[in-house]
Amino acid sequence: MTDRPRKTPDTLRSARWVAPDDLRSFGHRSRLMQMGHAPEDWAGRPFIGILNTWSDLNPCHGHFRERAEQVKQGVLQAGGFPVELPAISVDETFSKPTSMLYRNLLAMEVEENIRSHPLDGVVLMGGCDKSTPALLMGALSGGVPAIFLPAGPMLRGHYAGRVLGSGSDAWKYWDERRAGNISDAEWQGVEGGIARSYGTCMTMGTASTMTAIAEAMGLTLPGASSIPAADSGHKRMARACGRRIVEMVWEDLTPDRIVTPAAMRNAALVAMATGCSTNAVIHLLAIAGRAGVALTLDDLDALGRDMPVIANIRPSGETYLMEDFFYAGGLRALMAEMSDRLDLSAPTVSGQPLGETLAGAQVFNDDVIRPLSNPVYREGSLAVLRGNLCPGGAVMKPAACDPRFHSHSGPALVFDSYSEMKAAVEDENLDVTPDHVLVLRNAGPLGGPGMPEWGMLPIPKKLVKEGVRDMLRISDARMSGTSYGACVLHAAPEAHVGGPLALLRTGDIVTLDLAARRLDMQVDDAELARRRAAWQPPEPPYARGWGWMFARHVGQADTGCDFDFLTRGFGPAAGEPDIY
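Note that the structure is predicted; figures quoted are calculated from it, not measured. (Residues numbered from 1 in each chain as written. Predicted model: local features only at pLDDT ≥ 70, side-chain atom pairs only at ≥ 80, totals over all residues. Heavy atoms only, no water.)

Asks: Summarise the overall build of the protein; cite the residues concerned and give the values.
Replies: A tally of helices and strands in the protein yields 21 helices and 14 strands. Taking 2.2 N^0.38 as the reference for a compact globule, 580 residues should give roughly 25 Å; the C-alpha atoms of the protein span a radius of gyration of 24 Å, in line with that estimate. With respect to the three principal axes, the spread of C-alpha positions in the protein is 80 × 55 × 45 Å. Each of the 580 residues in the protein was classed as buried or not, and the buried ones make up 59%. Long-range contacts, defined here as pairs at least 24 residues apart, represent 77% of the contacts in the protein between residues at least 6 apart. For the protein, the exposed area adds up to about 21700 Å²; of that, 52% sits on carbon and sulfur atoms. Computing the positive centroid from 56 side-chain charges and the negative centroid from 68, the protein places the two 2 Å apart. (Helix = DSSP H or I, 4+ residues; strand = E, 2+ residues; numbered from the N terminus. Rg over C-alpha atoms; globule rule 2.2 N^0.38 Å. Buried < 20%, exposed > 50% of the residue type's maximum accessible area, 1.4 Å probe, protein only. Contact = heavy atoms within 4.5 Å. Areas by Shrake-Rupley, 256 points an atom, 1.4 Å probe, with all protein chains shown as cover. Lys, Arg positive; Asp, Glu negative; His and termini not counted. Charge placed at Lys NZ, Arg CZ, Asp CG, Glu CD.)

Asks: Tell me about empty space enclosed by the protein, residues and numbers included.
Replies: Under the criterion given, the structure shown has two cavities of 30 Å³ or more. Within this model, the largest cavity holds a volume of roughly 50 Å³. Around the largest cavity sit E215, G218, T220, L221, P222, R332, M335, T348, L354, T357 and L358, which together line it. Among the elements of the structure, α16 (330-337) and α17 (354-357) are those that each provide at least two residues to the lining of the largest cavity. (1 Å grid on protein atoms, 1.4 Å probe; cavity = no way out; pocket = protein on both sides within 12 Å on 5 of 7 lines; lining within 4 Å. Points joined across faces, edges and corners; volume = space filled by probe spheres on them.)

Asks: Please provide a residue-by-residue account of the packing of helix α4 (residues 64-77) against helix α10 (residues 232-251), values included.
Replies: Between α4 and α10, whose axes approach to 7 Å, the crossing angle comes to 40 degrees. If you check the angle between α4 and α10, you find them oblique. Judged by the sense of rotation from one axis to the other, the crossing of α4 with α10 is right-handed. Each of E66, R67, Q70, V71, Q73, G74, V75 and Q77 in α4 lies in contact with α10, whose residues at this interface are H234, K235, A238, R239, G242, R243, I245 and V246. Residues that form the contact of α4 with α10 fall into these classes: five nonpolar, six polar and five charged. (Axes fitted to C-alpha atoms, helices over the stretch in contact; angles between N-to-C directions. Parallel < 35°, antiparallel > 145°, perpendicular 65-115°, else oblique. Left-handed = near helix turned anticlockwise from the far one by under 90°. Nonpolar A, V, L, I, M, F, W, Y, C, P; charged D, E, K, R; others polar.)

Asks: I'd like a description of the packing of aromatic side chains, backed by residues and values.
Replies: Tallied over the full model, the rule gives seven aromatic pairs. Ring geometry for F326 versus Y327: centroids 5.8 Å apart, planes at 50 degrees, classification tilted. Judged by relative accessible area, F326 falls into the partly exposed class, the value being 25%. Centroid distance W546 to F563: 5.5 Å. Interplanar angle 50 degrees. Geometry classified as tilted. Of the two residues, W546 sits in helix α21 (residues 545-553) while F563 sits in the segment after α21, which places them 17 residues apart along the sequence. Both residues of the pair, W546 and F563, count as buried. These aromatic residues form a ring-pair network of at least three members: W546, F550, F563 and F565. In this structure, R16 is placed above the aromatic ring of W17, and the distance from its NZ or CZ to the ring centre is 5.8 Å. (Phe/Tyr/Trp six-rings, centres within 6.5 Å; stacked < 30°, edge-to-face > 60°. Lys NZ or Arg CZ within 6 Å of the ring centre and 35° of its normal.)

Asks: An account of unusual backbone geometry is requested, with residue identities and associated values reported.
Replies: With an omega dihedral of 5 degrees, the bond running from K96 to P97 counts as a cis peptide bond. Its place among the elements puts P97 in the loop between β2 (81-86) and α5 (103-116). Between G448 and P449 the backbone carries a cis peptide bond, its omega angle lying at -5 degrees. Looking at where P449 falls in the secondary structure, it is placed in the loop between β10 (437-440) and α19 (461-464). For H490, which is not glycine, the phi dihedral falls at a positive 60 degrees.

Asks: Describe the pairing of strand β1 (residues 47-52), with residues and values.
Replies: Along any regular strand the residues' side chains alternate between the sheet's two faces. In terms of residue burial, β1 counts as a mostly covered element, since six of its six residues are buried. Residues F47, G49 and L51 line one face of β1 and the alternating positions I48, I50 and N52 line the opposite face, and both faces are buried. Direction of pairing for β1 relative to β2: parallel, over a ladder of six bridges. Looking across to β2, one finds that F47 is bridged to F81. Of the crossover connections in this fold, the one passing from β1 over α4 to the parallel β2 is right-handed. Pairing of β1 with strand β3 (residues 121-126) involves five bridges; the strand directions are parallel. (Pairing = 2+ DSSP bridges. Right-handed = clockwise from strand over helix to strand, strands pointing away.)

Asks: If you had to explain the side chain of T357 to someone new, which residues and values would you point to?
Replies: For T357, the position within the fold is in helix α17. Within the structure, the side chain of T357 is placed 2.6 Å from the backbone oxygen of L354, a separation counted as a polar contact. In this structure T357 touches P222, R332, T348, S350 and Q352, once residues within four positions along its chain are discounted. (Polar contact = N/O pair within 3.5 Å; in protein donor to acceptor, adjacent residues only side chain to side chain.)

Asks: Lay out the nonpolar core with the relevant residues and their values.
Replies: Membership of the largest hydrophobic core comes to 104 residues, with the highest contact counts inside it found for L124, M217, L284 and L334. When residues no more than four places from it in sequence are discounted, the contact partners of L124 are L51, V110, L135, L136, A139, A146, I147, F148 and L149. (Core = buried A, V, L, I, M, F, W, Y, C linked by side-chain atoms within 4.5 Å.)

Asks: Tell me about the sheet that holds strand β4 (residues 146-150), residues and numbers included.
Replies: Across the sheet, four strands lie side by side as β2-β1-β3-β4; this open sheet has parallel pairing. Strands with a single pairing partner mark the edges of an open sheet, and in this sheet they are β2 and β4. Ignoring which end each strand starts from, the neighbouring axes of this sheet average 20 degrees apart. Summarising the sheet, β3 and β4 pair through five bridges and their orientation is parallel. If you follow V123 over to β4, its bridge partner there is I147. Here α5 sits on the sheet and contacts β1, β2 and β3; the angle it forms with β2, its principal contact strand, is near 145 degrees. Each of β1, β3 and β4 touches α10; the most contacted strand, β4, lies at about 175 degrees to it.

What follows is the structure, encoded as structure tokens:
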């Protein structure tokens, strides 16, 4: 990629801070010396920001303090000047009510860290679900060369001779415990064996989905997204990121040159082929909005109809986990298997087009990474539904549910809050059958608030004891990418703003027709009009602070839940800061 002249030391962005012979630059240089640096450390060298989302409360990123040091080693090897900056961790496990409430906050922090500091390029350290899209969104808006360093999946879980998958087996064994099928000791054994190392969930959940998307989009080094966090190759990859970002600065290889319409299409196709998390939809739409790339729910549905699932990874697959995927050849091998579907000329942070980065990639286990002729599921991972329950769209993962729910009608059982639903499903006298449609509303971007991962509604305990393990469930919430089942999610507009889900009543018949991509309530227009006239908007959940700001600017699920003022179309990016 040689359409831009190479940077020279005097054209580095950081030179505005440290090169002039003036009072303000004197202050910058003297403060660098205060920290023990000498002019030889920074003069004529690119300042490389290492944006580290490490936290003591984020086990997915527990190794990032060490990896940041390895990135610094790579930066120094290539002649750069590394500076580490902390960023909010948006950990999935402990952030409540949901880390999604803070995705846009991290994106803003990344953008403003870049804009306000003397950074010529950045290494983005993330992986836990929302951290990846947030870092990419912020870097796209920040505008300097950027490379993404994925946290990598944790090692596979083990207990009593059984392999455990994070998230997926938590839901599975919890239902068995509710049914009285496993003991407290067994439950505690699963608890201690399901997460054995640092790193992200080792199922094809949101974390592995989004790091795969980052690689398919061209924003990681080749193969980076598949390396387990505990593998020694992960340390080498961290150093390689540090070396490569320095050269990217000299090349002026910025994210806007990489995240093109072709790159977004590649990323969406790869996501479908992996059996991706439903959360991919929201994050792909948000990333596209930052990149100025036109992308809609219908575009994603069309891609999904034609792209089979070929990664046999749980929860869409039956047996394998991300560690197996790595040993089978990883994402490079999967992309090589579907290379005729991809735009191989798309640029990447490696400096090579995508096709060249796939040279030599092999599949070493064709049950883990299937050929297109023998897919796990004939259509893509996700389907977009529309109808009078979700005129703005809703999302389903057909590959991860019982096929009998692909066409289903049943009476709704409606809950207005998670607490109401949680109490009801534990009541063994609940009036419910396997044909009922469980509905949770007021759990969307505003109602949740933040659109929590509540969409995999628990099967009522009464039915669990009868052996029922799947039901049709509908919500305006999200669900964990490690979840499974006949769950319709992201119903838009959400109930909190008066979307049709707010008008549904217990006993109304709901019909899902997957082939037609329809989700409807069998209620006539006149009755819906009467219900709408009687509907009262709920009180906002926040009266001040971040939540108050979030509520006034967040978009609905069908547009990616970004803030209106952060999308590319809202206005031009701020220029370089004044330095006086």
